[in-house]
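# Architecture and fold: a report
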Amino acid sequence: MRNRLTILLLAGIAMLAASFDLRAQMAKPAEAAAKSAPAPVHDLSGVWNMHSSPAQRKYINSTYTQEGPEMTPWAKAKYDDAKPSNGPRSNALTVTDDPVLRKCFPPGTPRIYLQPFPLQIVQTPKEIMMIYEYDHTVRQIFMDGRAHPDDVIPTYMGHSTGKWDGDVLVVDTVGFNEKTWLDRDGHQHSDQLHVVERFHRVDRDNMQIDITMEDAKALAKAWITHLYFTLRPDWDIMELVCTDNAAFENFEK
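By convention here, each chain's residues receive numbers from 1 onward along its written sequence. Reporting of local features is limited, given that this is a predicted model, to residues whose pLDDT is at least 70; pairs of side-chain atoms are given and counted only at 80 or more, and all residues count toward the totals for whole chains, interfaces and linings. Here the side-chain values reflect all heavy atoms present in the structure, with hydrogen atoms and water set aside.

## Thoughts on the packing of aromatic side chains
Working definition: a ring pair exists when centres of Phe, Tyr or Trp rings (six-membered ring for Trp) sit within 6.5 Å. Plane angles under 30 degrees give stacked, over 60 give edge-to-face, the rest tilted. In this structure the tally under the stated criterion is five aromatic pairs. Seen from their ring centres, Phe105 and Tyr156 are 5.4 Å apart, and the 50 degrees between their planes marks the pair as tilted. On the criterion of sequence distance, the pair formed by Phe105 in the loop between α4 (99-103) and β2 (119-123) and Tyr156 in the loop between β4 (137-142) and β5 (159-165) is long-range, its members being 51 residues apart. Ring-pair connections join several aromatic residues into one group, and the members of that group are Tyr113, Tyr132 and Phe229. We note Arg89 situated over the ring of Tyr79; from NZ or CZ to the ring centre the distance is 3.7 Å. The lysine or arginine in question, Arg146, covers the ring of Phe142, its NZ or CZ lying 3.8 Å from the ring centre. We count a stretch as a helix when DSSP gives it H or I for four or more residues in a row; a strand needs E for two or more, and each element gets its number in order from the N terminus. The criterion is that NZ of a Lys, or CZ of an Arg, lies within 6 Å of the ring centre and within 35 degrees of the ring normal, and then a charge sits over that ring.

## Focus: empty space enclosed by the protein
Put plainly, a pocket is an open set of points on a 1 Å grid over the protein atoms alone with protein on both sides within 12 Å along at least five of seven lines, a cavity is a set where a 1.4 Å probe fits but cannot get out, and a lining residue has an atom within 4 Å of a point. Grid points are joined across faces, edges and corners, and a volume is the space filled by probe spheres set on the points. Considering all chains together, one arrives at three cavities of 30 Å³ or more under this definition. Its volume calculated, the second largest cavity comes out at about 60 Å³. Along its surface, the second largest cavity is lined by 13 residues, and Ile112, Tyr113, Gln115, Phe117 and Phe229 are the ones closest to its centre. For the lining of the second largest cavity, the element with the most residues is strand β1 (residues 46-51), which contributes three residues. Lys, Arg, Asp and Glu make up the charged group, whereas Ala, Val, Leu, Ile, Met, Phe, Trp, Tyr, Cys and Pro make up the nonpolar group; the residues left over, Gly among them, are polar. Counted by class, the lining of the second largest cavity contains eleven nonpolar, two polar and no charged residues.

## Observations concerning the state of the cysteines
Any two cysteine sulfur atoms within 2.5 Å of one another count as a disulfide. Going through the model one piece at a time under the given rule, you end up with one disulfide. Between the sulfur atoms of Cys104 and its disulfide mate Cys242 the distance is 1.8 Å. Its torsion about the S-S bond being -85 degrees, the disulfide of Cys104 and Cys242 is classed as left-handed. In this pair, Cys104 sits in the loop between α4 and β2 while Cys242 sits in the segment after β9 (223-231), placing the two residues 138 residues apart along the sequence.

## Regarding the sheet that holds β5
Strands pair in a sheet through their backbones, by hydrogen bonds, and they do so in one of two ways: parallel or antiparallel. One bridge is not enough; two strands pair if DSSP finds at least two bridges between them. Taken together, the nine strands give a closed barrel; going around it, the order is β1-β2-β3-β4-β5-β6-β7-β8-β9, and neighbouring strands pair in mixed fashion. Recorded for the sheet is a direction-independent mean angle of 30 degrees between the axes of neighbouring strands. Taken together, the six bridges between strand β3 (residues 127-132) and β4 define a ladder with antiparallel strand orientation. Bridge pairing in β4 places Tyr132 opposite Thr137. Think of each axis as a best-fit line through the C-alpha atoms, taken over the contacting stretch in the case of a helix, with angles from 0 to 180 degrees between the N-to-C directions.

## Topic: the pattern of salt bridges
Salt-bridge detection follows one rule: a side-chain nitrogen of Lys or Arg within 4 Å of a carboxyl oxygen of Asp or Glu. What the rule picks out here adds up to eight salt bridges. Residues Arg146 and Asp144 are paired through a salt bridge, measuring 2.8 Å at the closest nitrogen-oxygen approach. A 1.4 Å probe rolled over the protein chains alone gives each residue an accessible area, and that area as a share of the maximum for its type sets the label: buried under 20%, exposed over 50%, partly exposed in between. We classify Arg146 as partly exposed; its relative accessible area is 34%. Among the salt bridges present, the one from Asp205 reaches Arg204, with a minimum N-O distance of 3.2 Å. Residue Asp205 is classed as buried on the basis of its relative accessible area, which comes to 9%. Look at Arg204 and you get partly exposed, because its relative accessible area is 35%.

## Considerations on the side chain of Asp185
Looking at the secondary structure, you find Asp185 in the loop between β6 (168-174) and β7 (194-203). Its relative accessible area of 5% is what places Asp185 among the buried residues. Polar contacts, as counted here, are pairs of nitrogen or oxygen atoms within 3.5 Å of one another; within protein the pair requires one atom able to donate a hydrogen and one able to accept it, and residues that are adjacent in sequence qualify only if both atoms are side-chain atoms. Only 2.8 Å separates the side chain of Asp185 from the side chain of Tyr79, close enough to count as a polar contact.

## What about the confidence of the model for the protein chain?
Confidence scores labelled pLDDT are given residue by residue by the predictor and lie between 0 and 100. For the protein chain, mean pLDDT is 87; residues scoring 70 or higher make up 82% of the total. Contact definition: two residues touch when any of their heavy atoms are within 4.5 Å. With pLDDT under 50 throughout, residues 1-24 is counted as low confidence; its partners more than four residues away or in other chains account for 51 contacts. Every residue in residues 247-253 scores below 50 in pLDDT, and together they form 17 contacts with partners more than four places removed in sequence or on other chains.

## Side note on the environment of Ala55
With respect to the secondary-structure elements, Ala55 resides in the loop between β1 and α3 (73-81). Exposure remark for Ala55: the relative accessible area of 56% places this residue in the exposed category. Considering only alpha carbons, one finds Ala55 and Thr65, ten residues apart in sequence, at a separation of 9.3 Å.

Here is the structure:
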């Protein structure tokens with residue numbers, strides 16, 4: 001089990017580049033044709049896989065921007081104390097305190113995009129469902145005009161509401177607990193985290209997500225990033241269950 005976990009999670013890091021680049025290279029002819037195809041209106045449904053831009057390839061396996069966010073002293077102390085297993089400050093699995101690796105906690109929003117596995121978007125009149133292959137995490141984005149509850153219960157993925165701004169889906173998410181990291185490099189957040197995502201399908205087979213993270217307790221100013229996804233119409237979401245592939249109690253033995 002432990003060897004399998006190491007293969008899945010550490011090789012998964014390499015898969016990020018392979019998933020983002022190698023698969024993309026295999027689909028270049030189809031993607032080239034898609035550039036001239038119009039994007040469906042108000043329709044993001046399908047299986048999507050993230051790929052990196054040339055500028056992102058050095059750091060996208062662990063975080064969103066090369067320079068990192070501007071942190072408050074509270075967040076900087078937590079970041080300095082964290083022991084990530086990815087990025088330039090990486091630690092062995094026996095040492096890391098990454099909550100995803102140590103406790104199988106859900107990655108949270110938006111960190112889950114950095115897990116190197118695809119996601120599926122399913123749309124209904126009431127809500128948009130995001131089904132992530134990693135640990136089969138499901139996220140609800142309510143599209144019926146509701147507001148965030150005043151007494152929102154803190155969760156890993158937060159409470160999300162969405163609306164269309166022209167051809168852009170704007171998703172507003174609040175109500176986070178403090179059990180997740182913003183990325184795989186150890187940047188952390190408080191329960192004041194506020195995430196706004198703008199999903200724009202630039203053509204039939206390509207989507208861009210502009211993400212703004214704000215947190216008065218953790219971030220000195222908003223952390224903004226841009227992620228890129230390719231539609232994979234011939235892919236299906238597979239099953240990857242963290243607890244089935246982990247023996248965390250043996251990490252220190």
